[in-house]
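Structural description and commentary
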Amino acid sequence: MRSKKGQGYSIEDFDKDFGGQLSEDFEYPDWSTAPSRSERKKPSGKRSKREKKRIKRERRQAKEAERAAKRKRKDESAGREKRSRRDDKRSVRERDLYTGKVPENKKRRKKKVVTVLLGIVILILALGAVGYSYMINKLDKVDHYSLAGEDLDIDPRVAEELKDYKNILLLGIDAREWEDVESCRSDACIIASINKKNGDIKLISIQRDAYLDLEESGYNVFDKITHAHAYGGPINTIRSLNRNLDLNIESFVRLNWQTVADFTDAMGGLELDIKENEIYEMNKYIYDTNESLHGDDTLISEPGKQTLNGVQTVTYCRIRKGASGGDEARSERMRNTIIAAFDKAKTMSLMELDSVANKILPDITTSMSSGEIMGMILKMATYSIEGSINWPYNGANALINGVSYVVPVTLESNVIELHQKAFGQSGYTPTDRVLELSQSIITNSGYGYEDGTEYY
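Our subject in this report is the structure included herewith.

Each value, and the rule that gives it
- Residues numbered from 1 in each chain as written.
- Predicted model: local features only at pLDDT ≥ 70, side-chain atom pairs only at ≥ 80, totals over all residues.
- Heavy atoms only, no water.
- Helix = DSSP H or I, 4+ residues; strand = E, 2+ residues; numbered from the N terminus.
- Buried < 20%, exposed > 50% of the residue type's maximum accessible area, 1.4 Å probe, protein only.
- Areas by Shrake-Rupley, 256 points an atom, 1.4 Å probe, with all protein chains shown as cover.
- Polar contact = N/O pair within 3.5 Å; in protein donor to acceptor, adjacent residues only side chain to side chain.
- Contact = heavy atoms within 4.5 Å.
- Core = buried A, V, L, I, M, F, W, Y, C linked by side-chain atoms within 4.5 Å.

What follows is about the overall build of the chain. Helices and strands together make up the secondary structure of the chain, namely 15 helices and 15 strands. Across the 456 residues that make up the chain, the buried fraction comes to 48%. Put simply, the chain shows about 23700 Å² of open surface, and 47% of that area lies on carbon and sulfur atoms.

Time to look at the side chain of N236. Locating N236 in the fold gives a position in helix 7 (residues 227-245). Polar side-chain contacts of N236 include one of 2.8 Å to the backbone oxygen of A228. Residues in contact with N236, not counting those within four places in the same chain, are E215, A228 and Y231.

Core analysis: the largest hydrophobic core is formed by 47 residues, its most contacted members being L169, I206, W391 and V407. Residues in contact with W391, not counting those within four places in the same chain, are I204, S205, I206, Q207, A210, L212, L245, P408, L411, N414, V415 and L418. In terms of nonpolar packing, the next biggest core, distinct from the first, is built from 41 residues, V142, V253, I373 and Y383 among them.

This paragraph deals with the environment of A192. Structurally, the position occupied by A192 is in strand 3 (residues 186-195). Accessibility expressed as a relative area gives 0% for A192, which makes it buried.

The buried fraction of helix 10 (residues 310-318) is high, at nine of nine residues. Along helix 10, the residues that are buried comprise G310, V311, Q312, T313, V314, T315, Y316, C317 and R318. Looking at the packing, one finds that the buried side of helix 10 touches helix 8 (257-266), strand 8 (270-274), helix 9 (276-293), strand 9 (304-308) and helix 11 (326-346). Two or three places before V311, at the start of helix 10, stands the capping residue N309, its side-chain oxygen 3.1 Å from that residue's backbone nitrogen.

Moving on to unusual backbone geometry. Glycine aside, residues mostly have negative phi, and peptide bonds are mostly found in the trans state. A cis amide bond links W391 to the next residue, P392, at an omega of 5 degrees. Looking at where P392 falls in the secondary structure, it is placed in the loop between strand 11 (384-391) and strand 12 (395-400). With an omega of -10 degrees, the peptide bond between V409 and T410 qualifies as cis. With respect to the helices and strands, the residue T410 is situated in the loop between strand 13 (403-408) and helix 14 (411-423). Positive phi values are uncommon outside glycine, yet D246 reaches one of about 55 degrees.

And the structure:
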C-alpha cells in the first residue's frame, strides 16, 4: 500500500492499488501457474545448458572425490594401531587364497619383496657428527608399533639361555600399492640375530612355505609361515617363530617392496652379482614388478657384478621359479641384498645418509622405540655380518591336502641344528612343546624319522 505511517488512506490510493475494486473482488494473478524462464525459452523435457553444465560438474566432482578417497586410503598408516584378528567369516574364495587351495591357474600373481637389515642401518655413521636430540627426532619419523604387554610366547628356559642374543624379526610384505599391509602375507621372513657380546650378526632366513604351527582366526593350525602375518600381523609371526623354533624374538622391523626400491634408489643402487641362470627370470618379471613401483624397468643384459636400481633389486629378490633355484636360492639373494646394503651404507657420507633417512624412515614400521634404536646405533660400528642360515636345513617338498609345503624333517632335528649353528648351543635339547609339534608334523605330513629309518 502507498500510505505512510501517520497518514490516512485516500481514495486516490485505493484507485491506484485496486483499480476501484474492493480487495475481496480484486482478481489476483495466479503466480503459481506462471511458466519459469527456462520453460518459456526451452521446449518441455529438454535440459538447459546450465543444467547440463551442472550435471557435468557434479560428475567431475564425484570422480575427484573418489580419487581423493583412494589416495587417502593408500596414504593411511595401517600399522599405527593393532589390527584385530581376521574375521573368520571370510568368504571361501578369500580364505582359499591364503591357504593355497585355489587352482594354480587362478591364483593371484604372487609379489615378492626383500627386506633390508633393520632399515635404520643407513644411520651407521651419523651419530658421531650430529647431536643426540637431532637423531631422536629423525628416528621419530619411523612408524612405531607397540608390543608392550603382548604375550610373545617365549619359553622361560629359552629366554634365559638366549639372554646374550637379541633376535629381531625382519618382515618383507608383498602388499600391492592399493592393499592393506596388515592383511598381506610376509614373503620375506628373516631373523637378524645379534650377539650382544661381540656384535656378530647372523641372518636366519625362514622359507615362506615352511610348515609350522600358527594361529588363524583364533585356532592353532599347521600352515605356511607366510600366512601368519595375514592372520595376525607381526605379533602372530613372532609368536609362531618363538613357539616352533625355541626363540626369544621381541622386536620386528617391517617394510614393503616400494620401500626397498626407494631405499635402493636413494643409495644410488646396490652392487650385486647376477648369475647367468638368473637373467632370464629377472627380465621375465621386471615389468610385473614395476606395475606397482613405477620406476626404471631397464632389463639385465649380462651376468656379473653390477649396480642394480630399485626395480631391478626387488625383482632380483622376487624370483624363485625355473632356473633361478627355488625358495632356497631366493633366500640367499635376499641375504646378499642385505649385505650389499650394509656395506654400501658404510661408504656413504653423512649428507647422503641423512638424505636416505628422510626418504625411507616414514615407510618403516617397527616395534623398537627411538631410544632403543639409538642404543643399537651407538654399537653399530662394532657390528658385522658373520654368517647366514637358510632354515629349515633339511626340508621336504610335500603335498598335504593338495597344498604344497616345505616340511622340516624333522622339526626337532632342525631346531637342534639351528641352536648349535646360530647360538653355539652344543647338544641342545628342544623344549617339550617343540617335541610335540615335531611329532604332529610327522603325523600330518608322513615325513620324519623313526629309529633311523625315513618313512612316508
